[in-house]
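Each chain is listed here by its residues.
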Amino acid sequence: MEEKDNGSAKISTPENIQHDQFPIGLKVLAIDANIVCLKYLVQLLQKCQYKVTATTETTEAIRLLNDEKESFDIIITNVGRNDMDGFKILETVRQGIDIPAVMVSANEQLEMVKRGVMEGAEAYLLKPVSFQELRNIWQHVLRRRCRKRPNPNVMEQELEQHKPIISHERATVIDKEDDAIDKNINIDSNHFDSCSSSKKKPRVSWTKELHERFVVAYEQLGEKERVPNNILKLMNDPRLSRENVASHLQKHRDMLRKKATGAGKLVGKKNCYDRNSIKASKIQNSMNQRNNVSTIDQFQFSNLGRSSMEEVQGSKNYYPVPEFKWFASNNLMSKPCDQYLGFGPSNNMNSKYPQSFGNWPMDNMGEIPEEAGHLGWAFPNNNTNAGQCSQLQLVKGSSHVSLLMDDELGDIFKQFQSEEAF
Amino acid sequence: MLGFGADRLRADMNRLLALLFHQGILDEQFLQLQQLQDESSPNFVSEVVNIYFQESERLLKNLRALLIERELTDYKKMGNHLNQLMGSSSSIGANRVRNVCIAFRANSEQNNRAGCLGTLEVLEHEYCYLKSKLHELFQIEQQRVLGAGVRYPMHQN
């Protein structure tokens, strides 16, 4: 959808700014090195009807963030005890990409939480994340948008009444110093640009060079004149909008303030993000042996005990974005199931280890193999699953929705489910 | 009589689930997983659990390999594996496995090799048990779902 310029009264906004639709279709970037947790998170987000892009690799995530063609409304990233990648993401966000970031962690230590919040996380959620908590993350997005411009409903009304926008009040102001000077003239259609992360405007990334020009312009101006408009004029760069400069100015000022007060903690921590530690975590990742998870052969267990040490070192779990967007599909049609409903009979008869659920004889319950210590699966691999099922075929089943529910339990959960209905 | 089978299966499943909850093998998180399963992702639980099995087996293998190493046991790497295992276990509601991981991690933080070996045994044992129980659960579910393939208008379960 295109945005019309300030001349027209009607603005057709991109899908996730439409106030009746929002927050449906919210664009989320989810990052977690742990594939199980990521899969769970993605499912939660899809349940909220958000549009999810997910990856286990921080580098991929940063690439996506900086990629001009992608745009996200919010980031959810995991941070671990020994894995500081999540903070790296926060830093990337702080440096230019102005979207809210939510942290997720299994680590509930106060220090970590504090650090997360101080470094700009909107929220710090503990694993496992609950649906209730995740449902509310859109509030962070909305809050941030409202900070940049006044109440969008008010804005739309004004636009319908007046053709050019002559002036506008800013509800809560990021650039307080500028306000006094900037209030007057602003035929500012840019204020929609500033928050619309889904508008197809090339994202400005503050390269070193650009930043240096900014600093030059900043220092040229006297204290009272350091307002975004002036800096913008001095820099004279067509890519920049006033808003870009404004937010960068804010960050610059914060940084200077911190330098001045010599905030020890934060400055010290910034050193974490230097080249060496990025390298270290990369090595760690690859040594952590990320197997590629194939969605089709899900019932093939790895041959336990047979593989040598060499197999322990695997390749990174790298999900190139197009493939992984399988997760991102938002339609409610049932996905083509390579595996049929549930799970099927064994695929591989050769291995002595059980290969699928279907072959699980009922009478084998509770037997723990003696060699459990060496992960030897002594469960026999018999093929007679047919016998168990055949008598029970001709039955009407209940809907998939209430899975495993007894009537009494079902009532409780039905209530829960109906509350969730959008 | 035809509807009898489905009821029985569902009862079996609930009984098994109740037992698992009672024993602390699974916790409420598993229920969350089930609730996330719907028409648009009808196999979500089994998918996640499968991935969990793959990951866990890999991690357990790594842990054992790390501990067998007499020369220089890399406790830090062990800690990382354990965090992974803990995180994934808590995400699917594998309560007991997670608790054993916590104990294991305490041992590894104290560089207690003997303690680690002991907890590794327990961990593997717990994991095996969990896996067998989940298999059982899924098998009942499979039967139920297969049985639901033929629908009779009168039985509204």
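Heads up: these notes are all about the structure in this document. What you see is a predicted model; the values in this text were computed from it and never measured. As a convention, each chain's residues are numbered from 1 in the sequence order in which they are written. Labels are handed out in written order, letters beginning with A for the chains and numbers beginning with 1 for the ligands. Local features in a predicted model are, by the rule used here, given only for residues with pLDDT of at least 70; side-chain atom pairs are given and counted only at 80 or more, and totals for whole chains, interfaces and linings are based on all residues. Values reported for side chains reflect all heavy atoms of the structure, with hydrogen atoms and water molecules removed beforehand.

1. Overview of the overall build of chain A
Phase 1 of the analysis: When you go through chain A residue by residue, the secondary structure sums to 17 helices and five strands.
Phase 2 of the analysis: Working definition: with a 1.4 Å probe on protein chains only, accessible area under 20% of the residue-type maximum means buried, over 50% means exposed, and in between means partly exposed. Looking at chain A residue by residue over its 422 residues, the buried ones come to 47%.
Phase 3 of the analysis: Partitioning the contacts of chain A with sequence separation of at least 6, the portion at a separation of at least 24 is 68%.
Phase 4 of the analysis: Methods summary: accessible areas were calculated by the Shrake-Rupley approach with a probe of 1.4 Å, and residue burial reflects only the protein chains presented. With an accessible surface of roughly 21900 Å², chain A has 53% of that area assigned to carbon and sulfur atoms. Only DSSP runs of H or I reaching four residues or more are called helices, and only runs of E reaching two or more are called strands; each is numbered from the N terminus. Note on contacts: a residue pair qualifies if any of its non-hydrogen atoms lie within 4.5 Å across the two residues.

2. Some thoughts on the overall build of chain B
Phase 1 of the analysis: Across its full length, chain B carries six helices and zero strands.
Phase 2 of the analysis: When its helices and strands are written in sequence order, chain B yields α-α-α-α-α-α.
Phase 3 of the analysis: Sequence separation of 24 or more characterises 67% of the internal contacts of chain B that already satisfy a separation of 6 or more.

3. Focus on the pattern of salt bridges
Phase 1 of the analysis: Should a side-chain nitrogen of Lys or Arg be within 4 Å of a carboxyl oxygen of Asp or Glu, the pair is scored as a salt bridge. The tally for this structure, following the rule as stated, stands at 28 salt bridges over all chains.
Phase 2 of the analysis: Between Asp237 of chain A and Arg213 of chain A there is a salt bridge, with its nearest N and O atoms 3.4 Å apart. You can see Asp237 of chain A sitting in the loop between helix H11 (228-235) and helix H12 (242-261) and its partner Arg213 of chain A sitting in helix H10 (residues 208-220), a full 24 residues away along the chain.
Phase 3 of the analysis: The shortest N-O distance in the salt bridge between Arg144 of chain B and Glu141 of chain B comes to 3.1 Å. Note that Arg144 of chain B and Glu141 of chain B are positioned in helix H6 (residues 113-147) at a spacing of three residues, about one turn of the helix. In this structure, Arg144 of chain B and Glu141 of chain B share a single accessibility class: buried.
Phase 4 of the analysis: What you see here is one network of salt bridges that share partners, running through Asp98, Glu122, Arg143 and Arg144 of chain A.

4. Looking at the pairing of strand S4 (residues 101-105) of chain A
Residue and element names in this part refer to chain A.
Phase 1 of the analysis: With respect to burial, S4 is a largely interior element, five of its five residues being buried.
Phase 2 of the analysis: Here S4 shows two buried faces, one formed by Ala101, Met103 and Ser105 and the other by Val102 and Val104.
Phase 3 of the analysis: In the sheet, strand S3 (residues 74-78) pairs with S4 via four bridges, with the strands oriented parallel. For Asn78, the partnering residue across the bridge sits in S4 and is Val104.
Phase 4 of the analysis: Considered for its hand, the β-α-β crossover made up of S3, helix H3 (residues 85-95) and S4 is right-handed.
Phase 5 of the analysis: Between any two strands, at least two bridges found by DSSP are needed for them to pair. Direction of pairing for S4 relative to strand S5 (residues 123-126): parallel, over a ladder of four bridges. When the bridges of S5 are listed, Met103 appears paired with Tyr124. Every crossover in which the path from the first strand over the helix to the second runs clockwise, viewed with the strands pointing away from the viewer, is termed right-handed.

5. Re the packing of aromatic side chains
The description of an aromatic ring pair uses the distance of the two centres, along with the angle that the planes make with each other.
Phase 1 of the analysis: Here the aromatic set is Phe, Tyr and Trp, taking the six-membered ring for Trp, and pairing holds for ring centres within 6.5 Å; pairs whose planes are under 30 degrees apart are stacked, those over 60 apart are edge-to-face, and all others are tilted. Applying the stated criterion to the full structure yields five aromatic pairs over all chains.
Phase 2 of the analysis: Aromatic side chains Phe53 of chain B and Tyr127 of chain B sit 6.0 Å apart centroid to centroid with 85° between the ring planes, which places their arrangement in the edge-to-face category. Residue Phe53 of chain B is located in helix H3 (residues 44-68), and its partner Tyr127 of chain B is located in helix H6; the two are separated by 74 residues in the primary sequence. The pair formed by Phe53 of chain B and Tyr127 of chain B is uniform in burial state, with each residue classed as buried.
Phase 3 of the analysis: Cluster of aromatic residues (ring-pair linked, three or more members): Trp206, Phe214 and Tyr218 of chain A.
Phase 4 of the analysis: Two conditions define a charge sitting above a ring: the NZ of Lys or the CZ of Arg must be within 6 Å of the ring centre, and it must be within 35 degrees of the ring normal. The ring of Phe87 of chain A carries the charged tip of Arg115 of chain A above its face, separated from the ring centre by 3.7 Å.

6. So, empty space enclosed by the protein
Residue and element names in this part refer to chain A.
Phase 1 of the analysis: Here a cavity denotes grid points, spaced 1 Å and computed from the protein atoms alone, that fit a 1.4 Å probe unable to get out, and a pocket denotes an open set having protein on both sides within 12 Å along at least 5 of 7 lines; residues with an atom within 4 Å of a point are the lining. Grid points are joined across faces, edges and corners, and a volume is the space filled by probe spheres set on the points. A complete count under the given rule lists four cavities of 30 Å³ or more for this structure.
Phase 2 of the analysis: As a volume, the second largest cavity reaches approximately 60 Å³.
Phase 3 of the analysis: Every element with two or more residues in the lining of the second largest cavity is listed here: helix H1 (35-47) and S3.
Phase 4 of the analysis: For the lining of the second largest cavity, the element with the highest residue contribution is H1, accounting for three residues.
Phase 5 of the analysis: Partitioned by chemical class, the residues of the lining of the second largest cavity number seven nonpolar, three polar and two charged. Amino acid classes used here: Ala, Val, Leu, Ile, Met, Phe, Trp, Tyr, Cys and Pro are nonpolar; Asp, Glu, Lys and Arg are charged; the rest, including Gly, are polar.

7. What to know about the pairing of S3 of chain A
One face of the sheet, then the other: side chains in a regular strand alternate in exactly this way.
All names here are of chain A.
Phase 1 of the analysis: Counting buried positions over the five residues of S3 gives five, a clear majority of the element.
Phase 2 of the analysis: Burial along S3 is two-sided: the residues Ile74, Ile76 and Asn78 and Ile75 and Thr77 are all buried.
Phase 3 of the analysis: Taken together, the four bridges between strand S1 (residues 27-31) and S3 define a ladder with parallel strand orientation. Bridging across to S3, Leu29 finds its partner in Ile75.

8. Comments concerning helix H5 (residues 95-109) of chain B
All names here are of chain B.
Phase 1 of the analysis: Taking 1.5 Å per residue as the helical rise, H5 with its 15 residues ought to reach 21 Å, and the 21 Å between its terminal C-alpha atoms agrees with that figure.
Phase 2 of the analysis: Buried residues along H5 sit against H3, helix H4 (75-92) and H6.
Phase 3 of the analysis: Backbone geometry just after H5 places Asn111 at a positive phi near 55°. For a helix, the expected span equals 1.5 Å multiplied by the number of residues minus one.

9. Observations concerning the packing of H4 of chain B against H5 of chain B
Residues and elements named next belong to chain B.
Phase 1 of the analysis: Under this scheme, a helix contributes an axis fitted over its contacting stretch, all axes are lines through C-alpha atoms, and angles between N-to-C directions fall in the 0 to 180 degree range. Running from amino to carboxyl end, H4 crosses H5 at an angle of 165°, the nearest separation of the two axes being 9 Å. Relative to H5, H4 is oriented roughly antiparallel. In this structure, H4 meets H5 at a crossing whose hand is left-handed. For the pair H4 and H5, the contacting residues are Tyr75, Met78, Leu82, Asn83, Leu85, Met86, Ser89 and Ser90 in the first and Val97, Arg98, Cys101, Ile102, Phe104, Arg105 and Ser108 in the second. Should an angle lie under 35 degrees it is considered roughly parallel, over 145 roughly antiparallel, and from 65 to 115 roughly perpendicular; all remaining angles are considered oblique. Left-handed describes a crossing in which the near helix is turned anticlockwise from the far one by less than a right angle; the clockwise case is right-handed.

10. A word on H11 of chain A
Residues and elements named next belong to chain A.
Phase 1 of the analysis: Listed as buried for H11 are Pro228, Ile231, Leu232 and Met235. Along the axis of H11, the buried positions cluster into a sector of 105°, meaning they face one direction only.
Phase 2 of the analysis: Among the residues trailing H11, Asn236 stands out with phi positive, at a value near 55°. The arc in question is traced by the directions running from the helix axis to the C-beta atoms.

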